Amino acid sequence: MRGIGIRRYSPALVDFGALYIGSMTSAVSFLLENSVMQYSANLGIEFDSNGGIIRHCTIERCGQLGIALHGDDILCEYNLVKENMFSRYNYGPNGGGIEGVRTWNCTARYNQFISTYGHSLWFDTSCYMCNIYGNDFIGGYGHGISYECSAKAYIVDNYFKDIGIN
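Numbers given to residues run from 1 along each chain, matching the order in which its sequence is written. Given that this is a predicted model, residues contribute local features only at a pLDDT of at least 70 and side-chain atom pairs are listed and counted only at 80 or more, while totals for whole chains, interfaces and linings are drawn from all residues. Just so you know, side-chain values use all the structure's heavy atoms and leave hydrogens and water out.

Trainee: Which parts of the structure should I look at to understand the overall build of the protein?
Mentor: When helices and strands are tallied, the protein shows 0 helices and 19 strands. For 166 residues, the compact-globule estimate of 2.2 N^0.38 gives 15 Å, and the protein sits close to it at 14 Å. Along the first, second and third principal axes, the C-alpha atoms of the protein reach 40 × 35 × 25 Å. Counting only residues that meet the buried cut, the protein has 48% of its 166 residues in that class. The contact rule is simple, with two residues in contact once any of their heavy atoms fall within 4.5 Å. Taking the contacts inside the protein whose residues are at least 6 apart along the sequence as the reference set, 52% of them involve residues at least 24 apart. The sign given to each residue is positive for Lys and Arg and negative for Asp and Glu; His and the chain ends receive no count. We put the charge of a Lys on NZ, of an Arg on CZ, of an Asp on CG and of a Glu on CD. Positive and negative side-chain charges of the protein, numbering 11 and 15 respectively, have mean locations separated by a distance of 7 Å. Secondary structure follows DSSP: runs of H or I at least 4 residues long count as helices, runs of E at least 2 residues long count as strands, and numbering of each begins at the N terminus. Only C-alpha atoms enter the radius of gyration; for comparison, a globular chain is expected to reach 2.2 Å times N to the power 0.38, where N is the number of residues. Summary of the burial criterion: residues with accessible area below 20% of their type's maximum are buried, those above 50% are exposed, and those between are partly exposed, where the area comes from a 1.4 Å probe applied to protein chains only.

Trainee: Would you explain the sheet that holds strand β1 (residues 5-7) in this entry?
Mentor: Working definition: the strands of a sheet are paired by backbone hydrogen bonds and lie parallel or antiparallel to each other. Here, a strand pair is defined by DSSP locating no fewer than two bridges between the strands. One open sheet accounts for 7 strands, arranged β1-β4-β7-β10-β13-β16-β19; its pairing is parallel. Looking at the sheet topology across the chains shown, the edges are occupied by β1 and β19 (159-163). Averaged over all pairs of adjacent strands, the angle between their axes in this sheet comes to 5°, without regard to strand direction. An axis is simply a line fitted to the C-alpha atoms; with a helix, the fit covers only the stretch in contact. Between two such axes, the angle follows the N-to-C directions and lies from 0 to 180 degrees.

Trainee: What should I look at first to understand the environment of Q38 in this one?
Mentor: Relative to the elements of secondary structure, Q38 occurs in strand β4 (residues 36-38). The spacing of Q38 and K82 is 44 residues in sequence and 9.5 Å in space, taken between C-alpha atoms. Excluding residues within four positions of it along the chain, Q38 makes contact with I6, R7, R8 and E60.

Trainee: Could you clarify how one ought to interpret the pattern of salt bridges in this entry?
Mentor: One side chain can pair with another of opposite charge once the charged atoms of both are near each other. A pair is scored as a salt bridge if a Lys or Arg side-chain nitrogen falls within 4 Å of a carboxyl oxygen belonging to Asp or Glu. Tallied over the entire structure, the rule returns 5 salt bridges. Linking R2 and E33 is a salt bridge whose minimum nitrogen-to-oxygen distance equals 2.7 Å. Placement of the pair is R2 in the segment before β1 and E33 in strand β3 (residues 31-33), with a sequence separation of 31 residues. For E33, a relative accessible area of 10% gives the class buried. Across the pair E77 and R55 runs a salt bridge whose closest N-O atoms are separated by 2.6 Å. Placement of E77 in strand β9 (residues 75-77) and of R55 in strand β6 (residues 53-55) is noted, with a sequence separation of 22 residues between them. Its relative accessible area of 5% is what places E77 among the buried residues. Through salt bridges with shared partners, a single ionic network connects R2, E33, R55, E77 and R109.

Trainee: Explain the packing of aromatic side chains here, please?
Mentor: Ring pairs (aromatic) are described by centroid distance and by the angle formed between their planes. The pairing test for Phe, Tyr and Trp rings, Trp by its six-membered ring, is centres within 6.5 Å, and the orientation test on the planes gives stacked under 30 degrees, edge-to-face over 60, and tilted for anything in between. Inspection of every chain in the model, using the stated rule, returns 11 aromatic pairs. Relative to Y20, the ring of F16 lies with its centre 5.9 Å away and its plane at 45°, an arrangement referred to as tilted. Classification of Y20 as partly exposed rests on a relative accessible area of 42%. Seen in terms of ring centroids, F30 and F47 are 6.4 Å apart; in terms of plane orientation they differ by 75°. Their pairing is edge-to-face. Of the two residues, F30 is situated in the loop between β2 (19-22) and β3 and F47 in strand β5 (residues 43-48); the sequence distance between them amounts to 17 residues.

Trainee: Where do I start with the state of the cysteines in this structure?
Mentor: In protein structure, a disulfide is the covalent linkage between the sulfur atoms of two cysteines. Counting rule for disulfides: a pair of cysteine sulfur atoms within 2.5 Å. What the rule picks out here adds up to 0 disulfides. Not part of a disulfide, C62 finds its nearest cysteine sulfur in C57, a span of 12 Å. Cysteine C76 is unpaired, with the sulfur of C106 as its nearest cysteine sulfur at 5.2 Å. Residue class for C76 comes out buried when judged on its relative accessible area of 1%.

Trainee: Whenever I open this one, empty space enclosed by the protein confuses me. Can you help?
Mentor: Which parts of space are left empty comes out when a probe the size of a water molecule is rolled across the atoms. Points on a 1 Å grid, built from protein atoms alone, make a cavity when a 1.4 Å probe fits but cannot get out and make a pocket when they are open with protein on both sides within 12 Å along at least 5 of 7 lines; residues with an atom within 4 Å of a point are the lining residues. Grid points are joined across faces, edges and corners, and a volume is the space filled by probe spheres set on the points. Going through the model one piece at a time under the given rule, you end up with 1 cavity of 30 Å³ or more. Size it by volume and the largest cavity reaches roughly 50 Å³. Looking at the lining of the largest cavity, the elements that each hand over two or more residues are β1, β4 and β7 (58-60). Each residue belonging to the lining of the largest cavity can be placed in one class, and the counts come to 9 nonpolar, 3 polar and no charged. For this classification, the nonpolar set comprises Ala, Val, Leu, Ile, Met, Phe, Trp, Tyr, Cys and Pro, the charged set comprises Asp, Glu, Lys and Arg, and every other residue, Gly included, is treated as polar.

This is the structure in structure tokens:
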């Protein structure tokens, strides 16, 4: 999918976001490129597919979470992730820029995370062998990177400025 835009959509929490990308099998890959997601009331994009790529996208001002990742071998690169968790949910359980849960071999590189109200990039619960490098984390209220209850990660060469401000 290339060049789509979704703006001011209000999905219910059970809808898995304004845009749901999923597969019925474990062997499907997907490309989302040059697209814009703005002002989703809750979750912007639910990415539930193995072998997926999210590239050159703008994910801005989603109410709860910009992108939720559930799958293996996912690549997120050259994205602008800005002012997500705009509705100021409690970001303890779920909220922020991008969150990966139970994902293996995920790579987040060369993204810009700007003014996120929760954690900017959060790998939570059973993530394994994730690669996080070359990202910019500028202004944010939570952690720039949170790698929690997970194992083996390559986290290097990221830039942080004004992270953890309230």
